[in-house]
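One-letter residues, chain by chain:
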Amino acid sequence: MRTDLRLPVLVLAVLLVAGCASERIVLLPSADGRPGAVVVRGAGGEIRLDRPYAATARRGGANETYQASTEHVQERFGAALAAQPLRPKSYVLYFEVGSNQLTAESQAEFAKLRAEVGERAAAEVMVIGHTDTVGNSQGNDALSLKRAESVRDLLAEAGVAGEKMEVVGRGERELLVPTADEVDEPANRRVEINLR
Amino acid sequence: MIKTHRLAACMLLVLGIFGTAQAAESAGMIKTSKGTVTLERDGQKLIAVVGTPVLVADKLRTGSDGAVGVTLRDSTLLSAGPNSLITIDKFAFDSTTTDGRMSVGIRKGTLSVASGKIAKKTPESVDFHTPTSVLGVRGTEFVIEVGDGRED
């Protein structure tokens, strides 16, 4: 267990720098509105931030917990926040039964996706294929991958570089609408595209 | 159980800090870049332009006029303001299962984080660390500053 020796060294290193370093952490409201929390563990113990704009600051070994204002966050972190990449976005495309042919509605959705891929700087795409429960699971693994690949090929034709796309086939493992086996469910015949 | 996880997390952190050899796996990509931004990899300095891949063990450094944004493969958003040093110590993500783990350090400057799929699925396998603290994340967004923001 060579790591046994390393842990005390790390603790010592942390204690040495703790005296002179300063740091500040502010919890922000999450974009999806879900409650979140950050637990900060340091030489002074554990501090839990679980309300938007709850903040903790340490200077010279002393901790202060306070409620930050949006102006304070902007002043301190404005440059970092302004550099934040665009939020990842998900698209879902649907297929005709037993095929890798997009439905008419999804062809329109694909056009939107293609436009957005073009607008984003250094866009990367994760394509995840799914099936309904008609047919056996092996066949559905193959079909889901085929669907994902057909979307990838369409994106490639639209000028998206191959190395920026990843293709995954999940078969009938992740039904959007839970059904029994052998149920023709259009909502499950889909490809999710995660654009980031 | 939680204590075991924490101990495991500490061990991983120690291994990361003391530079255990690891494969240069892809962690993400530079999505925004302003002013002076460099990536340090295997002792070499690369200019971090938009589209540059970010690998495990890379260090991201911004100058006094610099700012940079990175999207990791699990959709975590990281962005740093001027005079910052960010380290991608650990990153692994299986896009089929969405299992993974990550450890990101900020040595100085400012960092904003919007956590991604790994933090959503297994928050215990995600940590952010400063020279003096380790942050555990419960699916959320936050900012960290190390130093007073005026140093070089």
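Owing to the predicted nature of the structure, the values given are computational and were not obtained by experimental measurement.

## Remarks on the overall build of chain A
Helix and strand content of chain A: 4 helices and 9 strands. Walking chain A from its N terminus toward its C terminus, one meets helices and strands in the order α-β-β-β-β-β-α-β-α-β-α-β-β. Across the 196 residues in chain A, those meeting the buried criterion constitute 33%.

## A word on the overall build of chain B
Helix and strand counts for chain B stand at 2 helices and 12 strands. The secondary structure elements of chain B, listed N-terminal to C-terminal, are α-β-β-β-β-β-β-β-β-β-α-β-β-β. For chain B, buried positions account for 55% of its 152 residues. Long-range pairs, those at least 24 residues apart, make up 54% of the contacts in chain B between residues at least 6 apart in sequence.

## Here's the deal with the interface of chain B and chain A
Between chain B and chain A, the contact holds 50 residues from the first and 46 residues from the second. Where the side of chain B that touches chain A is concerned, the elements lending two or more residues are α1 (2-17), β1 (26-34), β6 (67-72), β7 (77-80), β9 (100-114), β11 (133-138) and β12 (141-146) of chain B. Grouping the constituent residues of the side of chain B that touches chain A by class yields 25 nonpolar, 19 polar and 6 charged. Note: strand β2 (residues 37-42) of chain A against β11(B), 6 bridges, orientation antiparallel. Bridge pairing in β11(B) links A:V39 to B:G136.

## Remarks on the pairing of β6(B)
Residues and elements named next belong to chain B. By the criterion of burial, β6 is predominantly enclosed, with 6 of the 6 residues buried. Going residue by residue along β6, you find A67, G69 and T71 tucked away on one face and V68, V70 and L72 tucked away on the opposite face as well. Bridging between β1 and β6 involves 6 bridges; their strand directions are antiparallel. Each bridged residue has a counterpart across the sheet, and for G28 the counterpart in β6 is L72. The pairing of β6 with β7 spans 4 bridges and is classified as antiparallel. Looking at β7, one finds that V70 is bridged to L78. Counted between consecutive antiparallel strands, the loop separating β6 from β7 contains 4 residues, among which S75 sits at a positive phi close to 75°.

## Topic: helix α3 (residues 104-119) of chain A
Residues and elements named next belong to chain A. In this model α3 runs 24 Å from its N-terminal to its C-terminal C-alpha over 16 residues, within 8% of the 22 Å that 1.5 Å per residue would give. When α3 is considered as a whole, its buried residues turn out to be S106, L113 and V117. One face of α3 carries all of its buried residues, which in axial projection span an arc of 40°. For α3, exposure combined with an orientation more than 90 degrees from the buried face picks out A104, Q107, A108, A111, K112, A115, G118 and E119. Lining the buried residues of α3 we find β6 (89-94), β7 (125-129), α4 (137-157) and β9 (190-195).

## A short note on the nonpolar core
The tendency in soluble globular proteins is for nonpolar side chains to be buried side by side. Of all hydrophobic cores here, the largest spans 53 residues; its most connected members are A:I25, A:A80, B:V68, B:L111 and B:F142. Of all the elements, β9(B) adds the most residues to this core, at 6 residues. Look past the residues within four positions of A:A80 in its chain and what remains in contact with it is B:A67, B:S79, B:A80, B:G81, B:T110, B:L111, B:S112 and B:V143. A:F95, A:L145, A:A148 and A:V167 belong to the second largest nonpolar core, which has 21 residues in total.

## Here's the deal with the pairing of strand β2 (residues 37-41) of chain B
Residue and element names in this part refer to chain B. As paired elements, β2 and strand β5 (residues 59-62) share 4 bridges and run antiparallel to each other. Bridge assignment links E40 to a residue of β5, and that residue is K59. The pairing of β2 with strand β3 (residues 44-47) spans 4 bridges and is antiparallel. Within β3, the position partnered with E40 by the bridge is K45. Hairpin remark: β2 followed by β3, antiparallel, with 2 residues in the connecting loop; positive phi at D42, about 50°.

## Some details on α4(A)
Residues and elements named next belong to chain A. For α4, with 21 residues, the first-to-last C-alpha span of 30 Å sits near the 30 Å given by 1.5 Å per residue. All of the buried residues along α4 are N140, L143, S144, L145, R147, A148, S150, V151, R152 and L155. Here the buried face of α4 lies against β6, α3, β7, β8 (165-169) and β9. G159 lies just past α4 and shows a positive phi near 100°.

## Digging into the confidence of the model for chain B
Mean pLDDT over chain B stands at 86; residues scoring 70 or higher make up 82%. Scoring the predicted complex yields pTM 0.81 and, for the interface, ipTM 0.82.

## Considerations on the environment of A:E163
Residue and element names in this part refer to chain A. Along the chain, E163 falls in the loop between α4 and β8. E163 sits in the exposed class, given 8 other C-beta atoms within 10 Å. Separated by 39 residues in the primary sequence, E163 and E124 have C-alpha atoms spaced 8.7 Å apart.

## Details of the sheet that holds β7(A)
Residues and elements named next belong to chain A. Across the sheet, which stays open at both edges, the 4 strands sit in the order β6-β9-β7-β8 with mixed pairing between neighbours. Of all the strands in the sheet, the pair left with one neighbour each is β6 and β8. Taking each pair of neighbouring strands and ignoring which way they run, the sheet shows an average axis angle of 15°. With 5 bridges joining them, β7 and β9 adopt antiparallel strand pairing.

The rules behind these values
- Residues numbered from 1 in each chain as written.
- Chains lettered and ligands numbered in written order.
- Predicted model: local features only at pLDDT ≥ 70, side-chain atom pairs only at ≥ 80, totals over all residues.
- Helix = DSSP H or I, 4+ residues; strand = E, 2+ residues; numbered from the N terminus.
- Buried ≥ 20, exposed ≤ 12 C-beta atoms within 10 Å, placed from the backbone.
- Contact = placed C-beta atoms within 7 Å.
- Nonpolar A, V, L, I, M, F, W, Y, C, P; charged D, E, K, R; others polar.
- Pairing = 2+ DSSP bridges.
- Expected span 1.5 Å × (residues − 1).
- Arc of directions from axis to C-beta.
- Core = buried A, V, L, I, M, F, W, Y, C linked by C-beta atoms within 7 Å.
- pLDDT = per-residue confidence, 0-100.
- Axes fitted to C-alpha atoms, helices over the stretch in contact; angles between N-to-C directions.

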